[in-house]
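Report on the structure
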Amino acid sequence: MEARHSALCAEEAEDAVKELRAELAKAGIILPSLGLDPVSLAREAPCPLMESGRCSVRTARRLAAVPR
């Protein structure tokens, strides 16, 4: 049961990364290192975290403007 839960969590996290990447692309924003944090996947019962990585000041400002 726990293995199935972990697989579903990882799958859901991957879907969320794809969705975020697609939505950011619509706004013209690309985060090259967007993905899942490998350390959070290495746990016995993974609870994936998203890694957005580093970006330029220009990209950070564009990200900040999206919710507006």
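Use the structure listed above.
So, a few notes on the structure that sits alongside this text. It should be emphasised that the depicted structure is a prediction, and the values quoted were computed from it without experimental measurement. (Residues numbered from 1 in each chain as written. Predicted model: local features only at pLDDT ≥ 70, side-chain atom pairs only at ≥ 80, totals over all residues. Heavy atoms only, no water.)

**So, the pattern of salt bridges**
This model, assessed by the stated rule, comprises one salt bridge. Put simply, K26 and E23 hold a salt bridge, and the shortest N to O gap is 3.0 Å. Of the two residues, K26 and E23 both sit in helix α1 (residues 2–26), three residues apart, roughly one turn of that helix. The exposure class assigned to E23 is partly exposed, which follows from its relative accessible area of 43%. (Salt bridge = Lys/Arg side-chain N within 4 Å of Asp/Glu carboxyl O. Helix = DSSP H or I, 4+ residues; strand = E, 2+ residues; numbered from the N terminus. Buried < 20%, exposed > 50% of the residue type's maximum accessible area, 1.4 Å probe, protein only.)

**Digging into the environment of V17**
As for its position among the elements, V17 is in helix α1. Of the residues examined, V17 reaches a relative accessible area of 6% and is grouped as buried. C-alpha of V17 to C-alpha of L31: the two residues are 14 residues apart in sequence and 11 Å apart in space. Among residues more than four places away in sequence, those in contact with V17 are L34, G35, L36 and M50. (Contact = heavy atoms within 4.5 Å.)

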